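Architecture at a glance
Here are the chains, one letter per residue:
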Amino acid sequence: MDPEGSRIQDDPDVKVMMAGSTLRKVKSRSWKKQRHFRLLEDGLTIWYKSRWAGKCHSTFSVSELETVREGHQSEVLLSIAEEFPADLCFTLVFHGRQGNLDLVAESPEEARAWIQGVRKLIHKAQTMDEKERLDQWVWDWFQKADKNKDGKMNFKEVRKLLKMMNVDMNEEHAFYLFTMADKSESGSLEIEEFVHFYKILTQRDEVWKVFQDYSGDGERLMLEELENFLRIEQHEGEQIAQHAQELIDRYEPSETAKKQSAMSLDGFQKYLCSQEGSIFKPEHRGLYQDMSQPLSHYFISSSHNTYLLENQLRGQSSLEAYIQALKRGCRCVEVDSWDGSDGEPVVYHGHTLTSKILFRDIISTLKEYAFKASDFPVILSLENHCGVEQQTVMAQHLSQILGDTLLTTLLDGQIPQQLPSPQELKGKILLKAKKIGGLENCLDETLTDEVSDEEEMANGDAESPSAEDPPAEGLNNKKSKSKLSRELSDLVLYCKSVHFHGFEYSRVHSKCYEMSSFSESKAKRLAKEAGRDFVQYNTRQLSRIYPSGLRTDSSNYNPQDMWIVGCQIVALNFQTAGLEMDLNDGLFRQNGSCGYVLKPDFMRDGNTQFSPEKPEERQGHRPLRLSIQVLSGQQLPKVNQKEGSIVDPLVRVEIYGVPQDQAKEETSHINNNGFNPVWNETLNFVIHTPELALVRFVVEDYDKASRNDFIGQFTLPFTCIQAGYRHIHLLSKDGTAIPPSSVFVNISISELT
């Protein structure tokens, strides 16, 4: 059995890759080294090593690649453009946060073959269905374990393989399975026999039990029996008969069963492991929300110091960081601009050792990548430290490079009473910066071009004790004034940065297009002291929250603390993986991953009385009970690569929402089984504000002596959960898929009575 079939290996470009090529791996202008690259026989693994180094080699899988860029399409290759022509150069781009691989071939033909070959292999990997993917997975394991490469596996190799696969099994049981699979009685397994061995190994008793409960003859589910299962266990309402038939057509492998409108155990398991059997409601994956409401009615996926790939003090500033954030669906990016030495503004983290990039290069990158993941508007948050001359240069770059992608005129020529909607602003980039005067007096030429300095510092943590106090008289006179370039100011329309003077002041004086930035600590304080006011304020105006200046390691704060008071632009360090980015990815996984999520109705009404501290006081408050029976885990990845180490997994469910809803519960741990652990434990929660809750499932490797190791996680909004028997497909720390790792659960959601 070869899951790839003979087709792809016969392709002329793929043949060149399998024969191998010497390519230069380029890390910088001075680091360019020759490496030997080739595609292995599985048609999936790319192997490379230095020509001189002894045994050391590296490999990566085509499934880790997202795309290939040809020519000088990375900062590194652009820096050596004079040395190597574009037709020799290409860049392999990985999923998640893994760095790119910049390569230079020896001839244009060879570059072409690698570019086209890798593209075909990526396409092949992306279009595999679940069965092919599983076959590929099994095939990969077979290749790994067949140490002497004779296409067969003896019992000793199988024992080793079980350890590699995270299975701890006693010798007798393993040998019993081995002899059952060794149909030819040759004392070793060929690939087909190994597939059979794998099937016996992965038989799922817990799925079989559910199947038995509904199957009359224990062999198959007739149409009516499947309908009963969907109604009773999966809590489905309308058009059940039609859905049951669709599931049989889609997932049943046996033609005989299909003809009888029945489903075998194989088909049943396939359905449960599919997207439809996953915990995430399929109808919430695509764009399903009303996109015609004012911008202030949405949560907006937002990044802080977008130019950094690492930490805030000495990290690399990089265009790749913008590309990665935009690809993740980010809709608000940040640029810190400073005067450059030759009249060209540069972007970096001021007064630190982070490297510098040209402002105009960022704008070109924005133009190219802004709308690849989503059509909805991108807000460019400008932190401007430039003098007037270079501000004007920035205005010219914005206008010339972005052209009509940049919004430069009011939508209908009217002064807005409320912000425009994402729908109306599709395909547009909006500039957020300071502005001379307001939209009302755009025509007034007599305005002074001075604005008070650095609204971010002014909104920092050293603000007057109570949020409602207007600044003391005379305070404003001391603040330094900075000059604004009229050209730059004119490009600011719906996102004018202003100093925050308190909720009372805003209610009376503020315009809907005026927005303030708050440090995380200031926002947290306001949320605690005046939560209801903050929610009301955020129905009409945008708020941007940014991490504390003390987070020099680029760590993040919990964004949920800001979302529950309705803040829209909650900026996180996208480059830093962990809980906070899991929550961000989780919230924005719905609605077509377009970067905009409509707030619940009680956070869009200007007279709302909702306060996150007292959720029970709002009208229509209906708490729900969430009960999660954690049944089993499947093929969890190994945490520790040491030979013979096997994980002791536990599952924790964490709820993030209004303070009353914050909760964590976990199962006990299972010793030495990452392959098919069974827990059968139920975790219960009460959720007061389901519309704002996020649910995070975490699997960890239990360690009694030190901190548990992270194995995988999946986070989603409570409102996107499908009840019933569901699989949770785990993601790595980086947020990328790790098939076929999953957790099988049974979920019920009921009214709290």
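Nothing here was measured: the structure is a model prediction, and the numbers come from that model.

**Observations concerning the overall build of the protein**
Per the secondary structure count, the protein includes 23 helices and 32 strands. For the protein, whose C-alpha radius of gyration is 29 Å, the value lies close to the compact-globule estimate of 27 Å for 753 residues. Judged by the C-alpha coordinates and their principal axes, the protein covers about 95 × 75 × 55 Å. Sorting the 753 residues of the protein into buried and exposed places 56% on the buried side. The contacts of the protein with a sequence gap of at least 6 include a subset with a gap of at least 24, amounting to 69%.

**Describing helix H5 (residues 155-164)**
Residue pairs three or four apart in sequence face the same way in an α-helix, which turns once every 3.6 residues. Within H5 the residues assigned to the buried category are Phe155, Glu157, Val158, Leu161 and Leu162. Buried residues of H5, seen end-on, are gathered within an arc of 150 degrees and therefore sit on one face of the element. Capping the start of H5, Asn154 holds a side-chain oxygen 3.2 Å from the backbone nitrogen of Lys156, two or three residues further along.

**Side note on the nonpolar core**
As a rule of thumb, nonpolar side chains are buried together in soluble globular proteins. Within the largest apolar cluster, 66 residues are counted, with the highest numbers of intra-cluster contacts made by Leu380, Leu398, Leu431 and Phe534. The element best represented in this core is helix H21 (residues 520-540), accounting for seven residues. Looking at which domains feed residues into this core, each of domain 4 (295-440 + 482-603) and domain 5 (621-751) gives three or more. Ignoring anything within four residues of it in the chain, the contact list for Leu398 reads Phe359, Ile363, Leu380, Gly403, Leu406, Leu431, Leu488 and Leu491.

**Some points on unusual backbone geometry**
A negative phi holds for most residues other than glycine; trans holds for most peptide bonds. Across the junction of Pro739 and Pro740, the peptide omega takes the value -5 degrees, indicating a cis bond. Take Pro740: it is sitting in strand S32 (residues 737-751). A positive phi is found at Glu185, a non-glycine position, where the angle reads about 50 degrees. Position of Glu185 among the secondary structure elements: in the loop between helix H6 (171-181) and strand S9 (188-189). Residue Glu185 is classed as exposed on the basis of its relative accessible area of 71%. In the Ramachandran plot, Ser593 falls in the positive-phi region, its phi being about 50 degrees despite a non-glycine side chain. As for its placement among the helices and strands, Ser593 is situated in the loop between helix H23 (579-587) and strand S24 (596-598). Residue Ser593 is classed as partly exposed on the basis of its relative accessible area, which comes to 34%.

**Comments concerning the side chain of Ser215**
As for its placement among the helices and strands, Ser215 is situated in the loop between helix H8 (205-214) and strand S10 (220-222). On the basis of relative accessibility, which here comes to 7%, the residue Ser215 falls in the buried class. Side-chain polar atoms of Ser215 contact the side chain of Asp217, separated by 3.2 Å. A polar contact of 2.8 Å, which involves the side chain of Ser215, links it to the backbone nitrogen of Gly218.

**Observations concerning the domain arrangement of the protein**
The domains assigned to the protein are domain 1 (12-127), domain 2 (131-202), domain 3 (205-277), domain 4 (295-440 + 482-603) and domain 5 (621-751). For domain 2 and domain 3, the distance between their C-alpha centroids amounts to 29 Å.

**Topic: the pattern of salt bridges**
Scanning the entire structure with this criterion turns up 31 salt bridges. Close ionic contact of Arg69 with Glu320 constitutes a salt bridge, the shortest N to O distance being 2.9 Å. Placement of Arg69 in strand S5 (residues 65-70) and of Glu320 in helix H14 (residues 319-327) is noted, with a sequence separation of 251 residues between them. One exposure class covers both Arg69 and Glu320, and it is buried. For Glu255, the salt bridge goes to Lys258, with nearest N and O atoms at 4.0 Å. Residue Glu255 and its partner Lys258 are both found in helix H11 (residues 255-259); the two are separated by three residues, about one turn of the helix.

**Topic: the packing of H6 against helix H7 (residues 191-201)**
At their nearest, the axes of H6 and H7 sit 9 Å apart, and the two run at 135 degrees to each other. By the angle between their directions, the pair H6 and H7 is classed as oblique. Crossing hand, H6 versus H7: right-handed. Judged by residue contacts, Ala174, Leu177, Phe178, Met180 and Ala181 of H6 engage Glu193, His196, Phe197, Ile200 and Leu201 from H7.

**Focus on the environment of Glu665**
Here Glu665 lies in strand S27 (residues 663-666). Accessibility expressed as a relative area gives 37% for Glu665, which makes it partly exposed. A C-alpha to C-alpha distance of 6.3 Å links Glu665 and Leu683, two positions 18 residues apart in sequence. Sequence-distant contacts of Glu665, that is, excluding residues within four places in its chain, are made with Val651, Arg652, Val653, Leu683, Asn684 and Phe685.

**Structural notes on the packing of aromatic side chains**
Counted according to the given criterion, the structure contains 28 aromatic pairs. Ring pairs connect the aromatic residues Phe211, Tyr214, Phe229, Phe268, Tyr725 and Phe744, which therefore count as one cluster. One residue, Arg38, lies across the ring of Trp47, its end atom 4.8 Å from the ring centre. Above the face of the Tyr348 ring, Lys356 is positioned so that its terminal group lies 4.5 Å from the ring centre.

**Here's the deal with the sheet that holds strand S1 (residues 21-26)**
The seven strands lie next to each other as S4-S3-S2-S1-S7-S6-S5, forming an open sheet whose pairing is antiparallel. Lying at the two open borders of the sheet, with one neighbouring strand each, are strand S4 (58-61) and S5. Strand after strand, the sheet turns through a mean of 30 degrees between neighbouring axes, direction not considered. Examined bridge by bridge, strand S6 (residues 89-94) and strand S7 (residues 101-104) share four bridges and lie antiparallel to one another. Bridged to Cys89 within S7 is Val104. Its contacts with the sheet place helix H1 (residues 12-19) against S1, strand S2 (32-39) and strand S3 (45-50), and it is angled at close to 120 degrees to S2.

Calculation notes
Residues numbered from 1 in each chain as written. Predicted model: local features only at pLDDT ≥ 70, side-chain atom pairs only at ≥ 80, totals over all residues. Heavy atoms only, no water. Helix = DSSP H or I, 4+ residues; strand = E, 2+ residues; numbered from the N terminus. Rg over C-alpha atoms; globule rule 2.2 N^0.38 Å. Buried < 20%, exposed > 50% of the residue type's maximum accessible area, 1.4 Å probe, protein only. Contact = heavy atoms within 4.5 Å. Arc of directions from axis to C-beta. Polar contact = N/O pair within 3.5 Å; in protein donor to acceptor, adjacent residues only side chain to side chain. Core = buried A, V, L, I, M, F, W, Y, C linked by side-chain atoms within 4.5 Å. Domains from an automatic or database assignment. Salt bridge = Lys/Arg side-chain N within 4 Å of Asp/Glu carboxyl O. Axes fitted to C-alpha atoms, helices over the stretch in contact; angles between N-to-C directions. Parallel < 35°, antiparallel > 145°, perpendicular 65-115°, else oblique. Left-handed = near helix turned anticlockwise from the far one by under 90°. Phe/Tyr/Trp six-rings, centres within 6.5 Å; stacked < 30°, edge-to-face > 60°. Lys NZ or Arg CZ within 6 Å of the ring centre and 35° of its normal. Pairing = 2+ DSSP bridges.

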